[in-house]
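Descriptive structure summary
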Amino acid sequence: KRDIEELWYSPESLGIPSFRVKDVADGREIVRLEELCWVLNPTDLCEPITGIEWDDFQTKKELNSDIAENFKRQHQLASFFVGQLKLHAAMCVGRSYNAIEWLGRSFTYPMLTCICYNPYLPQQIRSAAADFTRLLILDRFPQVANCGKAKLP
């Protein structure tokens, strides 16, 4: 049985498929963002992501307390991710260039636009990513120097 006092839940304990990161000695695993966050909009995203209709999934949740608990935990992590995106955006407000420089190393323009345009992500994730993209990439100096020159950040 899983430890109830865990701060973070492994993908295996939540029943989320994971993948090993190549060339990393500590054997970290990653999960698809869609697999983690579909629980924020289950009526629309349950079937495309899990292959199970939402009504059938709800029945499984009612019959199996482990599935219900995993759903609750996954919802908690997905909500935390939304909060992280909003926090990162707030750190960039007012053109805080130290935060922009630091966050820009981890969050690239292609990564954020993929999140914004992914139809298999809940609207909360997509809107938080769009706001973060605006503050991290677009609302910063110098816009005038590159005016008229097509260039991605």
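Structure first, text after, so check above.
These notes cover the structure that comes with them. Quantities reported herein were computed from a predicted structural model and do not represent experimental measurements.

Once that is clear, we can look at a negative patch on the surface. Taken together, the side chains of Glu47, Glu53, Asp55 and Asp56 make up a negatively charged region of the molecular surface. Secondary-structure assignment places Glu53 in the loop between helix H3 (42-50) and helix H4 (54-63). Judged by relative accessible area, Glu53 falls into the partly exposed class, the value being 43%.

Turning our eyes to something else, we now look at the pattern of salt bridges. Scanning the model with the defined rule gives five salt bridges in all. The salt bridge involving Arg32 is made with Glu35; its shortest N-O contact spans 3.3 Å. A relative accessible area of 37% means that Arg32 is categorised as partly exposed. Where Glu69 meets Arg73, a salt bridge forms, and the shortest distance between an N and an O atom there is 3.3 Å. With Glu69 and Arg73 both in helix H5 (residues 65-92) and four residues apart, the pair spans about one turn of that helix. Taking relative accessible area as the criterion, Glu69 reaches 29% and is therefore assigned partly exposed. Sharing partners across several salt bridges, the network here consists of Arg32, Glu34 and Glu35.

All right, on to the nonpolar core then. Grouped burial of nonpolar side chains is what soluble globular proteins tend to show. If you look at the biggest cluster of nonpolar residues, it comprises 35 residues, and the most contacted ones within it are Cys37, Trp38, Leu85, Cys92, Ile125, Phe132 and Leu136. At the level of elements, helix H2 (33-37), H3, H4, H5, helix H6 (97-106), helix H7 (109-117) and helix H8 (123-138) are the ones that each hand at least two residues to this core. Sort the elements by how many residues they give to this core and H5 lands first, with eight residues. In this structure, Cys37 is in contact with Ala78, Phe81, Leu121, Pro122 and Ile125, ignoring residues within four places of it in sequence.

Attention shifts here to the side chain of Glu34. Tracing the sequence through the fold places Glu34 in helix H2. Looking at Glu34, the relative accessible area reads 13%, which means it is buried. Those residues in contact with Glu34, other than ones at most four positions away along the chain, are Ile49, Asn118, Tyr120 and Leu121.

The subject of this paragraph is a nonpolar patch on the surface. Among the surface-exposed residues, Leu87, Met91 and Trp102 lie close enough to one another that they form a single nonpolar patch of about 320 Å² accessible area. Here Trp102 shows up in helix H6. When its relative accessible area of 51% is taken as the criterion, Trp102 is described as exposed.

For the rest of this paragraph, the subject is the side chain of His88. The topology assignment puts His88 in helix H5. Relative accessible area serves as the criterion here: at 14%, His88 is assigned to the buried category. Contact partners of His88, with chain neighbours within four places excluded, come to Leu103, Phe107 and Phe132.

Turning to H5, a few remarks are in order. The end-to-end C-alpha separation of H5 is 41 Å, in line with the 40 Å expected for 28 residues at 1.5 Å each. Among the residues of H5, Asn70, Phe71, Arg73, Gln74, Leu77, Ala78, Phe81, Val82, Leu85, His88, Ala89 and Cys92 are the ones counted as buried. Buried positions along H5 lie against helix H1 (11-14), H2, H3, H4, H6 and H8. A distance of 2.9 Å separates the backbone nitrogen of Asp66 from a side-chain oxygen at the start of H5, and that oxygen is part of Asn64. Gly94, located one to two residues past H5, shows a positive phi value of around 75°.

Criteria and thresholds
Residues numbered from 1 in each chain as written. Predicted model: local features only at pLDDT ≥ 70, side-chain atom pairs only at ≥ 80, totals over all residues. Heavy atoms only, no water. Patch = residues over 30% accessible without salt bridge, like charges linked within 9 Å, V, L, I, M, F, W, Y side chains within 5 Å. Areas by Shrake-Rupley, 256 points an atom, 1.4 Å probe, with all protein chains shown as cover. Salt bridge = Lys/Arg side-chain N within 4 Å of Asp/Glu carboxyl O. Lys, Arg positive; Asp, Glu negative; His and termini not counted. Charge placed at Lys NZ, Arg CZ, Asp CG, Glu CD. Helix = DSSP H or I, 4+ residues; strand = E, 2+ residues; numbered from the N terminus. Buried < 20%, exposed > 50% of the residue type's maximum accessible area, 1.4 Å probe, protein only. Core = buried A, V, L, I, M, F, W, Y, C linked by side-chain atoms within 4.5 Å. Contact = heavy atoms within 4.5 Å. Expected span 1.5 Å × (residues − 1). Polar contact = N/O pair within 3.5 Å; in protein donor to acceptor, adjacent residues only side chain to side chain.

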